[in-house]
Amino acid sequence: MDFSTWTPEYFAANEKSCSEQLSKPEVRAQIPLLNCTQLHDLRDNALVRFRGMIQDMQDPECYLERYEVRRKDDGSLLRVQGGKYHDVLVMNKNEEVVDFQAETNQYGERRSMFVISIPGYNSWAVECEQKMNLVYQPKVEDKSDELSSVKRPHGDDEEMETDQTVDKDNPFKKPMLPVEPCSKAQQASSSRSASSSESKQNVLSAEYLLNSPISERPSKACLVKLYYNYDDCTLNTLVDVVGFLSVDPALDGSTDQMDDSDDGMSEHQATNPPPSLIPRIHAISFQKLKHVNPLLEAPHESQYFNTDIWKDIQNLLTQCLFEDKVAADYLLCHLISTVYIRNEIESLGHFSLNLSNIPAEVLPDYTKGLYEIMELLLPASHYFPMTLENMNTMQFVPKKDYTTNKLTSGLLQLAPHTHLLLDETKLQTGKLESSGVEAVQSIAHLIKTQKLKYNFQFYQLEFDSDVPVLVLSEGKSMLPTNFHFPLVPDVDAIKMIEETLKAGKHFIKPKLTEMRKFLTQQRIQQFDMKNFDPEVIQNDFIEMRKESDASAEDLHSLLVLSRLLGLSRGKNSMDRECWEYAKQLEQERKTRMEMFAKRKN
């Protein structure tokens with residue numbers, strides 16, 4: 001299909017047929033993906049896609065959905081112009097004028113979402129996305145004498161004075177929010193700035209505007225304008241958006257002149273970032289994503305279970321974990337885990353794992369080497385060394401900045417299924433400051449509940465999360481993971497681990513595509529827990545309570561492990577084999593924990 005002919009007006013006139021086309025995966029794949037396309041290769045109003053995570057939401061905004069355009073010299077009506085899917089008024093500024101007093105003018109409301117590309121998206125997934133998606137590069141002719149976009153100036157231009165009520169982004173008036181008082185130094189600085197006739201308002205940095213959770217791995221960002229299905233949009237949702245690109249330079253708020261305070265200007269800039277940095281997309285099609293693996297663009301298609309690939313992954317993990325096969329089973333369960341049921345009390349299905357007893361002689365290189373293997377297998381992941389400096393200085397949870405009315409991100413605001421590896425072996429002897437203690441508390445809360453507390457300064461709000469956490473440590477971690485598993489390394493494997501990790505990367509090269517598909521397929525696969533006889537579980541639990549004083553939490557962990565063992569073996573329902581093997585693994589794990597606890601004492 002030739003999407004270069006699609007315009008906002010064309011879509012508005014053919015919305016039903018266009019929407020039907022955009023619902024087809026093969027059609028969407030032909031639309032230029034903004035994640036891997038340069039902005040200068042695209043024209044304004046081009047049809048584009050963007051895949052990412054909803055990171056923040058702006059206030060609702062009012063816009064002119066329909067308005068009358070008249071001839072400037074005699075005031076005659078030329079046309080009724082549609083304003084939907086546009087940021088600015090569409091008119092020939094030399095010959096036309098908008099009649100803001102026309103009775104036929106119609107206002108609408110839309111929402112703006114701040115969407116960023118997947119934080120921690122690994123390089124292989126980026127490269128795959130680039131290869132699989134069309135990069136569209138239309139030729140644009142200069143048509144400056146035709147219809148052009150007009151932005152209201154902030155000066156005293158009498159001719160455009162009536163446009164005061166319809167700015168390009170005319171948000172509803174927001175309630176006054178309390179702002180932290182600035183210091184005397186800030187007040188003095190502000191005073192000096194205001195007293196200088198040549199001074200300009202401070203321009204917000206690109207880093208601040210892009211707001212990447214992982215600062216060393218910056219994300220791309222878009223402002224997505226949504227016209228419907230507002231309730232489907234929640235923070236941290238994965239989305240695939242198709243819409244019309246808006247990159248008019250007039251949208252840059254930093255170029256505006258405002259007779260306002262520094263705070264007002266900062267908020268104006270944050271709400272209206274440079275479109276060359278953060279383009280706008282007026283959404284005409286909006287889909288939620290179950291995953292971000294570009295190798296599985298059609299997850300609804302039936303997939304067969306590849307036993308060889310399962311064995312290859314299990315063998316790879318066993319070698320990387322010093323020939324500890326039981327540890328490899330737990331790590332594989334971790335890699336395919338997800339929250340599958342969520343209620344007001346708990347989130348079921350998450351599988352945070354602490355692998356401890358990592359031999360001191362393989363540190364400090366081993367933990368990063370193990371992560372590099374995981375990085376090759378997973379679409380999105382991040383390695384975080386828990387040094388004192390990192391724990392004490394980094395921002396971990398999102399925080400509301402009332403000066404700019406923007407939610408500044410933190411390391412833990414990650415997209416669903418982004419695997420976070422915490423390297424506790426990097427934690428040195430020293431003091432955790434109050435900020436470091438808060439960081440540990442935030443990580444612990446995320447691990448236990450798969451919820452993240454956002455800091456709104458005057459209160460906290462919890463938002464759902466689904467971030468699998470793996471903690472590597474020498475002793476038992478200070479973090480409360482679901483499963484603590486002490487490794488029992490093979491002596492010869494310890495000596496050869498560096499060569500083993502290198503050989504592992506070479507070994508999996510020809511099988512990487514199938515391995516990557518396997519891990520995602522098994523995570524999103526449906527699994528029936530209800531077919532298994534509940535009496536078996538009940539009777540076994542009674543015996544467990546007699547023998548080891550098992551708790552309800554132990555039963556929950558056993559059920560989660562059984563489910564993941566079944567999925568890792570290609571099953572779609574619970575059976576006796578899964579249940580018995582899970583009991584065997586849990587017995588081994590608890591035996592090891594007791595053994596290492598005695599050794600420590």
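Residues numbered from 1 in each chain as written. Predicted model: local features only at pLDDT ≥ 70, side-chain atom pairs only at ≥ 80, totals over all residues. Heavy atoms only, no water.

### Some points on the sheet that holds strand β15 (residues 381-385)
Part 1 of the reasoning: One open sheet accounts for five strands, arranged β15-β18-β21-β14-β22; its pairing is parallel. Each edge of the sheet is formed by a strand with only one pairing partner; in this case those strands are β15 and β22 (483-486). Direction aside, neighbouring strands of the sheet carry axes that sit 15° apart on average.
Part 2 of the reasoning: Running over the sheet, helix α9 (residues 325-335) touches β14 (353-356), β18 (419-423), β21 (469-472) and β22 and is turned about 150° from β22. (Pairing = 2+ DSSP bridges. Helix = DSSP H or I, 4+ residues; strand = E, 2+ residues; numbered from the N terminus. Axes fitted to C-alpha atoms, helices over the stretch in contact; angles between N-to-C directions. Contact = heavy atoms within 4.5 Å.)

### Structural notes on the nonpolar core
Part 1 of the reasoning: By size, the foremost hydrophobic cluster in this structure holds 66 residues, and its most contacted members are Y330, Y366 and L519.
Part 2 of the reasoning: Among the elements that take part in this core, α9 stands out by supplying eight residues, more than any other.
Part 3 of the reasoning: For L519, the residues in contact, after removing those within four places along its chain, are I313, L332, L335, I336, L377 and L378.
Part 4 of the reasoning: Ranked by size, the runner-up nonpolar core spans 43 residues in total, among them I214, L235, A283 and L446. (Core = buried A, V, L, I, M, F, W, Y, C linked by side-chain atoms within 4.5 Å. Buried < 20%, exposed > 50% of the residue type's maximum accessible area, 1.4 Å probe, protein only.)

### A few points about helix α14 (residues 497-508)
Part 1 of the reasoning: With twelve residues, α14 should reach 16 Å at 1.5 Å per residue; the first-to-last C-alpha distance of 16 Å fits that figure.
Part 2 of the reasoning: Here α14 has its buried residues at I497, T500, L501, G504 and I508. Within α14, the buried residues cover an arc of 100° as seen down the axis, which keeps them to one side. Away from the buried face of α14 by more than 90 degrees, exposed residues E498, K502 and H506 are located.
Part 3 of the reasoning: Buried residues belonging to α14 abut α8 (307-320), α10 (365-377), α13 (491-495) and α15 (512-524). (Expected span 1.5 Å × (residues − 1). Arc of directions from axis to C-beta.)

### Looking at unusual backbone geometry
Part 1 of the reasoning: The peptide bond linking L363 to P364 adopts the cis configuration, its omega dihedral lying at 10°.
Part 2 of the reasoning: Inspection of the secondary structure puts P364 in the loop between β14 and α10.
Part 3 of the reasoning: Not every positive phi belongs to a glycine, and E323 is a case in point at roughly 65°.
Part 4 of the reasoning: Positionally, E323 belongs in the loop between α8 and α9.
Part 5 of the reasoning: A relative accessible area of 45% means that E323 is categorised as partly exposed.
Part 6 of the reasoning: The phi dihedral of N405 is positive, around 55°, even though this residue is not glycine.

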